[in-house]
Structures are given as C-alpha cells and as structure tokens.
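Analysis of the macromolecular model
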2 protein chains.
Amino acid sequence: MFEAAELGHHIDKATYKAEEPGLREALLDLQYQLHERAERSVVILLSGVPTAGKGEMANKLMEWLDPRHIATHAFGTHSQDDAGRPEMYRFWRSLPPKGQISILFGGWYAGPIWEGEQQQDFAAWQREAEKIARFERMLASEGVLLLKFWLHLSADELKKRMKALSDNPLTAWRIADEDHVYLKHYQRNLEGARKLLMATNLADAPWRVVECVDENFRALTVGRQLKDALAHHVAQSGQTENRVDAPPLLAPVDGLRLLDTLKLDQDLDKKDYQRELELLQGRLNGLSRDPGFRNMAVVVAFEGMDAAGKGGSIRRITGALDVRSYQVVPIAAPTDEEKAQPWLWRFWRHVPARGRFTVFDRTWYGRVLVERIEGFARVPEWMRAYNEINDFEMQLDAANVIVVKFWLAIDDEEQLKRFKAREEIGYKRFKITDDDWRNREKWSQYIEAASDMIERTSTPYAPWHLIGANNKYHARIKVLQTLCETIEARLARRQTADKAAHKKK
Amino acid sequence: MFEAAELGHHIDKATYKAEEPGLREALLDLQYQLHERAERSVVILLSGVPTAGKGEMANKLMEWLDPRHIATHAFGTHSQDDAGRPEMYRFWRSLPPKGQISILFGGWYAGPIWEGEQQQDFAAWQREAEKIARFERMLASEGVLLLKFWLHLSADELKKRMKALSDNPLTAWRIADEDHVYLKHYQRNLEGARKLLMATNLADAPWRVVECVDENFRALTVGRQLKDALAHHVAQSGQTENRVDAPPLLAPVDGLRLLDTLKLDQDLDKKDYQRELELLQGRLNGLSRDPGFRNMAVVVAFEGMDAAGKGGSIRRITGALDVRSYQVVPIAAPTDEEKAQPWLWRFWRHVPARGRFTVFDRTWYGRVLVERIEGFARVPEWMRAYNEINDFEMQLDAANVIVVKFWLAIDDEEQLKRFKAREEIGYKRFKITDDDWRNREKWSQYIEAASDMIERTSTPYAPWHLIGANNKYHARIKVLQTLCETIEARLARRQTADKAAHKKK
C-alpha cells in the first residue's frame, strides 16, 4: 500500500510554477460548476502520518479554491463535542450540503477503529471497518463524492522532519507528545494503517496514498487527483444512480401478509385503563430519573396508518416525563436544508443527548412506506434504505441510545370511524386532510410495504413492536409497558456489566 | 408588583374540573391554527420563586397542548453550552420557528442581569435591562408573541413548601442548596425581581404575575391568559406590523453624500504589494496563535458594490490563517429554516466560538441595502434594523468577539471594467450574473443607502472602515492592516486589564 510512496518523489520548482496557475483555474472552474448546479457535494478526507502536511495541504486547497464554498472540520476527542451521541453523529453534522465541499481532518478514521486494533480485538476492529465501508457506500449512493488521501512519510523522513520542527522555536509547538509515541511505534502503526486502508479501499471511495517528502509533489498530486475526480463528479450531475434497478419486491404469492395475521381487537375498559396508565406513567417517570439512565438515551419511533393513535400514545409518554427531558419530532416534508443532505441527515440531527428522550411521530421508515408507494424514492433508493436504517439503529444502540419502534395497527373500518369522528370534533378537524383520504385508498399497498419493512428491519437491537390498536386504551397501555420493560432491561444489563467490570479491578 | 399575588387565591376542584376540558379544547384549537398558518410563533417564558411550579406548569401546558409543536429549553450555566459566544446566542438558538411554541425556563432573566444587581452596579444592571427590553421589542416586531409569567410564592409559603419537599424522601432531591440561599435572602431577592419586572414590563411583553399557592388557580390563570393571548395573536396573522410607517429617509438636500467624498484611487504597485502582503499575513497568523487570542473571536464583515473586491480580500485573510480556525460565510437568499425566524437569526447561527474567525461575504447589512432598495423589507422593518444591528454588534463586542466591518468602495467606471473582465475570464464567468447588471443601474440608490447605513451603524465598538478599492492591491493591504491593528489593540487592552486585575489581588 505504501511502497510507491517511499520512492522519493519530487517535482522541481520550475515544473510546479508552470503547472500551478492552470491547475488552480481548472479547480476553480469545477468548484463553481459544482456550486452552480448544487446537485452533488464533495468530502475531502485528509489522513496520514504526523507532520506529513494535512494542515498545509488543506491550506493550499483553500488558497486554490473559493473558500466561501468550503467548510473544514477538525474533531476533538469524541466525548467532548457530542454529549454521548453515536460516534458518527458529528460526522453527519459535518457533511457538506449540495454544491459545497467539506475538508475533514482524519474524520471517521481517527476514531474507535484504532481501539479494536490496539486491543488486538479483531472482531471489534472488523465491525468498525465494515461500519465505515457501509457509511462510505451510502455517501456515494447519495451523490457525495468522497476523496480519501493518505499523506505518507517513511519512518526516516518522519524522524528527520520532527527533529527539524522541534529545533526551530517557531515550529516546536507543532510537535505533540503523541507524535513521538507514533514515531516510536512507527512500524506497528503503519501495519495497522495498511490493514485499515485495505479494508476500506472501496470502488466507491478508494484511498489515494501521497508521498509527502516534497511539498510540490504533494500539492500537484492532490490537486490533479481532485481535478479529475471533480470533473468526473460534476459531469455526472443530474444523472440518477448509475446502478441497475433491483426488481421490485413481491407480495407473498398466497397473499398472506404479516400484518394481516395481527390481532387488532383487545378489550380494556376505561377504569382499568386509567388505573394502569397511572401506574405505568409513574414507573416510566421513575426510570427517567434512575441514576443509570444518565448514561443512556431513548429514541421512540411511531409508525402506523393515519388515525392509528400515534399522537395519543405520544401524549401518554410525554405526560409521564419532565418537559426538560424530551423532545417530540413530527416528521413532515423535509426543509430545503434537509433536502440538500443525504436522506438520513434530518433524523441524525435529532438524536438525543445522554439522559434524554426523542419521540418521533412518523420516522425514517417513511422512506420505505410513503416514499416507496408514492414513488418519491426510486426502487434502488428505498431498497438500500433497509440496510441504511439497520445501520443507523445499530449505531444508536451501540452508543447506548435505546431504540423502541411501534407499529400501531388498526383495520380500515376503525380508520373510517375515526376519520369521521375527527371531521366532527372541533379542534380535531386539523388532524384530517385530503391526503388522509387519498392514502386510505392505498391501504393494501401500505400493508404490503409495512410488512416488508417489519420483516427487513426487525433486529435484535431494535425490534418492531406490533400493537393492535383498534382499542386505543389497550394500545396506549401496551406502548407504555413495552417502553418501560425495554428501559428496565437495558438498566439491568448495564448494572451486571458494571458489576463484572468492578470485579475485574 | 407582587401584592395581588399574596392574597391566597384559590380555585376549588369542582370549578377546575368543570372548566379544564373546554379550556384545553380552545387551547388546542388555537395551537393548531397557529401551526396551520405558520406565520407567527410563541415564546412562553416561565420565571419566579423556587418551587412555585415552573416545571409542573410546563408539564401541564404540554399535557393540554400538542407536544409535537412545542419545544422546551432549560439552560445550563452560560460558559458550558456556548463556547464563549454572547449571552444571547443560546436564546437565539432556542427561538421557535413560525407556527411553533417554545417554553423557556428562566430564559434571559436567569443571566448576568443578577450580577449587576448583586454587585450594586446600577449602570451594569440598567444596560442589561435595556438590552433585554430591546430584544423583546424586536421579537414583537418580528411576529413572535412573548408571554412572561412570574410564578409567585410569599416567603412563608416558600418556607412551608421547601420543608414539605425536603421531608419527603421522594421529593427531597428537588430542593437545591441555592433554594435555601434564596429563602435566606428572600426579601432582597424579591426586591431585585420587582425592579427587574418593572424595568421590563413592556407594552409588547408585559409580565403576568401568578400566585402559586393553589395549583388549580395557577393552572387556570396561566391557561386563560395563554388562551386570550393566542387568540389575539392568531387573529393578527397575515397583518403587517400594525405600526405607523415612518417617513422614508431623505438624501442630503445638497446631494453631497458621505461616500461621494471618499478617495478611491491610491497607488500601490505589485512588487510593494507582494512584500507588504507577506509581512501582514505573517503578522495576522501570529496574532491568531497569540495565547491571548484564545479568549476572543473575530467577525469580519465585507460589504461593497459588486466586483469591489470582497472575494479577493477574503482570500488574502484566509490565506494567512490555519484552515481549522476560520469559516467563510457567503450571504445568499435565506433558507426556509431561516425565513421561519427573526431576520437576524441566520447571522447569529454563525457567531464564532472562542479563538475562531468568521468572515462574512455580504452581511446583515443587506437588510438596509438590497432589502431596502428592492423593497424586500418594509420601511419600518429596515428602519428599526439600524438599532437591531447596533445591538447585535454591541453584544458581540461585549462577549469579546471583535467586529471588523469593511466597505470596499469603487466607482462605476471601475465596476464596468471589472464586469467586462469577468465575462471574459473562464472561471470568473460564474461571478457575473444578470442581477449584477440590474443592481448597477441602481448605483445611486445603493450609494445613498450605504451612506445612511455607515452614518447610523458606525459605533465605537464596531466602526466602519471605508476602503478606496479602485486599486485592489491597496484595498487588500488596507484590509489586512486594519484587521491586524484592531486585534492588536484588543489584545493590548486585555493585557492591561489582566494586569490591573492582577494588581488588585
């Protein structure tokens, strides 16, 4: 991987001076085209050996390009800037909107991928590498060009350079302790890097290794690669994904769908409901104030047919919580800032911080429900969404953000009854629109899409809870019960884990 | 102020039970109307005596209303959550978009207003109170309904309640040490509150004091006031500001305008330019790494006619800085998330954290330039913008965010020359649009508006720097010089201040 980057590449000053102006002009022209069309975005990720020149290279790019349409992102230690949110949260926040470029220092290659490596935990390392690979494929599918540069120096060069920098009082500040550690274990570090680059050397986002002994060579190499990649990327604008459309999914040939088999009618009279409601709300409130809860967070996701009782269930949850501890997010049409990002971005932005609840009224599953049925998303888009969603939820779970998903199921007679009631009750008239009536005509398509969804996104870490909701009392109780039990299970798991960790010491 | 809130107000259970359902229905109906029209927003600010029930009241409101369209915000200590940004930054971030409601705990009444009070520094206190009053008038003018509730308890009631809560192990956690301190100095605290409420008891946002001995009384009082205020607010939707339009400003009767008197042509040849540029960029880079700079930040604001050389000057600034230390923000049309907020919101969101630069290519001054001339803003809107802008910049300065504003001035012949050049040079063709040619026809209107702007927004803490820019070399040098000198002056001021503080000890 690094052999070709230790050959002593060199570009003389004359050659550089001769080429730079034309290169800069071409880059600017491409950047403005990218910005004008505002259909795609670019992420330039700079990684590599210390002192190889990540900062200098970024400065050079900013000098060549128009800095008004570029954002740069360096990342502090994980814990500081994300209040316990998943590792990838801050990278999602740093993605460029369409027409823009982001330069990331290290990016997701600076994170926990190295922990697995250092702990010799190959499985953990592999999980991280695969997570990264899936993330980068998603970016490619979403029209984000990812350019990954590894700025390389041999051990001797690194040593020479660190000495030079330390000797000069004006530059000594640039050498950190970890750089000395890196040099000490150079071979081991590089072997780890090689493994990682190999594992993430994707067709969608290959690594570009650049020898950095000579800065003219470094600049021209990165510049030319960027130029070609940009030209190719801009030329593709307007094209839809150039992948073969997968054939659409088929309903079971016997017509029997998962949701058809669900029991919808359960009995629960108002008195029992009110008694149980009070108990469950007290229980949930207690859990939200459990010391152990300070290290976790909860995402509650509600899906279901219109008028299935999502709003009512949400009110029974929020009614049990302190207003300072939750946020309710109704999912409507995306804003234009959201449309300018990969589709999951608008959900990532609402991931709760430690100790908090986010309740989604409709969710990212709209991608494989309404967007699939109305054709807002093309087949390959909603087909890959199943995996992208599972990734998203796995990352939440791994960061100790509990994901609780509810499908509230009613039958069409019940829906009709509720629609009519809404049209009559004053303040409920806002809850019924022409869309609701239109969607109702597509009942069967929704049942089919939902059945596929549940089958493909029920995971051990984020299972679907199917709630028969013709009786709204029963549905609300079941929702609260499930929520409490899920949090309790997680709290118990933590405690045993903590005990075990404690024993070890 | 509090006399009427110590009468022992009480509502019996029966009365409450009888009124609540209708009240809730009316509130929901109004909330949905607010949300449907999405033209105005509501901020409910809860302040008052400890244990009077801010949390309970907020919970009640969330129970009555639809939590999907309400956000609640409690604020930690200032330093924690804003990386050294101005006090009001986090409150701007917590403003509800149109159609939404925010509930704030304490809000801007929890902040430094009390420091001036405690230090018996009446001037400081008054400045804070006036800052708050201007902020609240701005909200009203921007169509944000602000409802301020003071939840009141007498000293005896507070004492009784704190004892009851402490005695019960389930609620003891709710009593914090500062509550005991508050009780100890109840009279002094209340006198301070009275002064503050009086000073901020505006026609646009009056205080509503509510006795909280009886929770039924508390709930019905807040509920009814909210209902009436919402009804009045929603009814006003669609109306433009119901203020008398101020007569437009007039150009000087002798036709002599500030910018007409500016010298535009200065000489600087390329060799001298390049030598000075290198020196100044080194100087700026040094300043950005000065230890003292870690406690400040810089906002650089560029305005001027099209093709005046803003972009070029910005590149010479960023060229001197580490890419990780700055952000360039080009101001274009607002996004729909920005349109849903008070007009200054989209600039507040880019206020730099400590140790960082934000460079604006066009700025909040568009309000009194293009928006005034094109009629995007109505007369009272851009007229009040002068004061709103001065407030904004004063707050930045007070938070040690240096504001450096440049007007790059060229004459129309120079502009024509540059427009033509742009149309010829390949990668520059993106920089010239039909708008540019249209604006050019309004040259004189822009000079007039700019002259008014400079006159009304040149303040000691954020003066305008008028740069003759027919010679772009001279302009760039002057910009860098001014920027360096301004930062150096601030650094020197800090050092003397620190020394003085040191002596004191």
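Each value, and the rule that gives it
Residues numbered from 1 in each chain as written. Chains lettered and ligands numbered in written order. Predicted model: local features only at pLDDT ≥ 70, side-chain atom pairs only at ≥ 80, totals over all residues. Heavy atoms only, no water. Phe/Tyr/Trp six-rings, centres within 6.5 Å; stacked < 30°, edge-to-face > 60°. Helix = DSSP H or I, 4+ residues; strand = E, 2+ residues; numbered from the N terminus. Buried < 20%, exposed > 50% of the residue type's maximum accessible area, 1.4 Å probe, protein only. Lys NZ or Arg CZ within 6 Å of the ring centre and 35° of its normal. Contact = heavy atoms within 4.5 Å. Buried area = accessible area lost by both parts, 1.4 Å probe. Salt bridge = Lys/Arg side-chain N within 4 Å of Asp/Glu carboxyl O. Polar contact = N/O pair within 3.5 Å; in protein donor to acceptor, adjacent residues only side chain to side chain. 1 Å grid on protein atoms, 1.4 Å probe; cavity = no way out; pocket = protein on both sides within 12 Å on 5 of 7 lines; lining within 4 Å. Points joined across faces, edges and corners; volume = space filled by probe spheres on them. Expected span 1.5 Å × (residues − 1). Least-squares fit on C-alpha atoms with pLDDT ≥ 70 in both. Pairing = 2+ DSSP bridges. Axes fitted to C-alpha atoms, helices over the stretch in contact; angles between N-to-C directions.

Counted by the stated rule, this structure contains 46 aromatic pairs over all chains. Arranged with centres 5.7 Å apart and planes meeting at 40 degrees, the rings of A:F2 and A:W150 form a pair that is tilted. With A:F2 in the segment before α1 (13-37) and A:W150 in strand β4 (residues 144-152), this pair connects stretches of sequence that are 148 residues apart. Grouping residues by exposure puts A:F2 and A:W150 together as buried. The ring of A:W125 carries the charged tip of A:K195 above its face, separated from the ring centre by 4.6 Å. In this arrangement the basic side chain of B:R324 is found over the ring face of A:F105, its NZ or CZ atom lying 4.4 Å from the centre.

This part covers the interface of chain B and chain A. Listed as interface residues are 42 residues of chain B and, on the opposing side, 43 residues of chain A. Buried area between chain B and chain A, summed over both chains or domains, comes out near 3800 Å², and the portion from carbon and sulfur atoms is 57%. The largest contributions to the chain B side of the interface with chain A come from B:R68, B:R315 and B:Y427, which together make up 19% of the buried area. Our count for the chain B to chain A interface comes out at four salt bridges. Here A:R349 and B:E337 are joined by a salt bridge, their closest N and O atoms 3.1 Å apart. Counting every contact that joins chain B to chain A gives 15 residue pairs in polar contact (both at pLDDT 80 or more). Every element with two or more residues in the side of chain B that touches chain A is listed here: α1 (13-37), α2 (54-64), α12 (310-318), β7 (326-330) and α13 (336-339) of chain B. Of the residues forming the side of chain B that touches chain A, the biggest block, seven residues, is contributed by α1(B).

What follows is about empty space enclosed by the protein. All names here are of chain A. Considering all chains together, one arrives at one cavity of 30 Å³ or more under this definition. Approximately 30 Å³ is the volume found for the largest cavity. Lining the largest cavity are A308, G309, S313, L408, K472, A475 and R476. Here the element with the most residues in the lining of the largest cavity is helix α20 (residues 472-504); it accounts for three residues.

Okay, the pattern of salt bridges next. Residue and element names in this part refer to chain A. Evaluated as defined, the whole model comprises 66 salt bridges over all chains. Among the salt bridges present, the one from E20 reaches K60, with a minimum N-O distance of 3.8 Å. Placement of the pair is E20 in helix α1 and K60 in helix α2 (residues 54-64), with a sequence separation of 40 residues. Take E20: its relative accessible area is 14%, and that puts it in the buried class.

All names here are of chain A. For helix α6 (residues 122-141), with 20 residues, the first-to-last C-alpha span of 28 Å sits near the 28 Å given by 1.5 Å per residue. When α6 is considered as a whole, its buried residues turn out to be A124, W125, E128, A129, K131, I132, A133, F135, E136, M138, L139 and S141. For α6, the side-chain oxygen to backbone nitrogen distance between the N-cap and A123 is 3.2 Å, and the N-cap itself is D121. Remark: G143 follows α6 within two positions and exhibits a positive phi of approximately 85 degrees.

One chain copy maps onto the other through a rotation about an axis and a shift parallel to that axis. With an RMSD of 0.0 Å, chain B superimposes on chain A once it is rotated by 180 degrees and translated 0.0 Å along the axis. Taken together, the rotation and translation describe the operation of a two-fold axis. Using C-alpha coordinates, one finds that chain B approaches the rotation axis most closely at B:D336, a distance of 3.3 Å.

As a further point, take the sheet that holds strand β3 (residues 101-105) of chain A. Residue and element names in this part refer to chain A. Strand order in this open sheet of five strands is β2-β3-β1-β4-β5, and the pairing throughout is parallel. In the strand order of this sheet, the two ends are held by β2 (70-73) and β5 (207-211), each with one partner. Across the sheet, the mean angle from the axis of one strand to that of its neighbour is 20 degrees, orientation sign disregarded. Against the sheet, helix α9 (residues 186-199) makes contact with β4 and β5, and its axis sits at roughly 155 degrees relative to β4, the strand it touches most.

Glancing now at the pairing of strand β6 (residues 297-304) of chain A. A regular strand carries its side chains on alternate faces of the sheet. Residue and element names in this part refer to chain A. Counting buried positions along β6 gives eight out of eight residues, so the element sits mostly inside the fold. Judged by which residues are buried, β6 turns out to be covered on both faces: A297, V299, A301 and E303 on one side and V298, V300, F302 and G304 on the other are all buried. In terms of strand pairing, β6 meets strand β9 (residues 401-409) through eight bridges, oriented parallel. What sits directly across from E303, in β9, is W407. Here β6 pairs with strand β8 (residues 357-361) via five bridges, running parallel.

The values are spatial; any link to function lies outside them.
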